[in-house]
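Listed below are the residues making up each chain.
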Amino acid sequence: EPEVTQTPSHQVTQMGQEVILRCVPISNHLYFYWYRQILGQKVEFLVSFYNNEISEKSEIFDDQFSVERPDGSNFTLKIRSTKLEDSAMYFCASSEALTAGGYTFGSGTRLTVV
Amino acid sequence: SQQGEEDPQALSIQEGENATMNCSYKTSINNLQWYRQNSGRGLVHLILIRSNEREKHSGRLRVTLDTSKKSSSLLITASRAADTASYFCAPAGNMLTFGGGTRLMVKP
């Protein structure tokens, strides 16, 4: 069964450093998403991406965040200057259609900012 | 808010019993989806019910949708210890958002 792959599985970074979280969506999917889950809290929507541009973003997705699809297979989330409160699980997901079908989620990257 | 709110927040049952989880939402939807999350893992899509459907089955899962009441329910029949997880509904408008979920514990 096709999978969404995320790397690394765990990233520890110093506050103020830039991090890039990587995702390989399912190859025939057209829509890509990032979500995050702070420990013990709900899964929060960050951003959706289609046709090489952001289609929706939440209030969480401020100027410190950016997404990119650099090479037609990878989908990345960059946090420019990490804060302690950015510590969370970050999930990438992809889908064939915007919401007409289910999303396939990756296993997540646990980001720890120290 | 587009996200669903699940009820109860936590449910503990014995293996073999049925588990029922409810979802309420506020906006109009194209469909409603249910997902499962094992601790610390990504969400797994379980089932999708379209706005013009009232009931849908998939294996041991049964989902109902009442658009007039803006509510849905997920029934897991003959539960197993492996069903222990958090379950989320996601009313689908122009994006999927998730509520706090129902934490289901199935005791062997």
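Above this text is the structure in question.
Residues numbered from 1 in each chain as written. Chains lettered and ligands numbered in written order. Predicted model: local features only at pLDDT ≥ 70, side-chain atom pairs only at ≥ 80, totals over all residues. Heavy atoms only, no water.

Trainee: I'd like to hear about the sheet that holds strand 6 (residues 55-58) of chain B, residue by residue, with values.
Mentor: Residue and element names in this part refer to chain B. Ordered in space as 1-3-8-7-6, the five strands form an open sheet in which the pairing is antiparallel. Strand pairing shows two members of the sheet lacking a second neighbour, strand 1 (5-7) and strand 6, which therefore form its edges. Across the sheet, the mean angle separating the axes of adjacent strands is 20° when strand polarity is ignored. As paired strands, strand 7 (residues 61-66) and strand 8 (residues 71-76) are joined by six bridges and run antiparallel to one another. (Pairing = 2+ DSSP bridges. Helix = DSSP H or I, 4+ residues; strand = E, 2+ residues; numbered from the N terminus. Axes fitted to C-alpha atoms, helices over the stretch in contact; angles between N-to-C directions.)

Trainee: Hey, could you go over the interface of chain A and chain B for me, with residue numbers and the actual values?
Mentor: Between chain A and chain B, the residue contacts involve 17 residues of the former and 23 residues of the latter. Summed over both partners, the interface of chain A with chain B buries about 1600 Å², with 54% contributed by carbon and sulfur atoms. Area buried by chain A at its contact with chain B is led by Lys-42, Thr-99 and Phe-105 of chain A, which between them contribute 32% of it. The tally of links between chain A and chain B comes to zero salt bridges. For the side of chain A that touches chain B, the per-class residue count stands at nine nonpolar, six polar and two charged. (Contact = heavy atoms within 4.5 Å. Buried area = accessible area lost by both parts, 1.4 Å probe. Salt bridge = Lys/Arg side-chain N within 4 Å of Asp/Glu carboxyl O. Nonpolar A, V, L, I, M, F, W, Y, C, P; charged D, E, K, R; others polar.)

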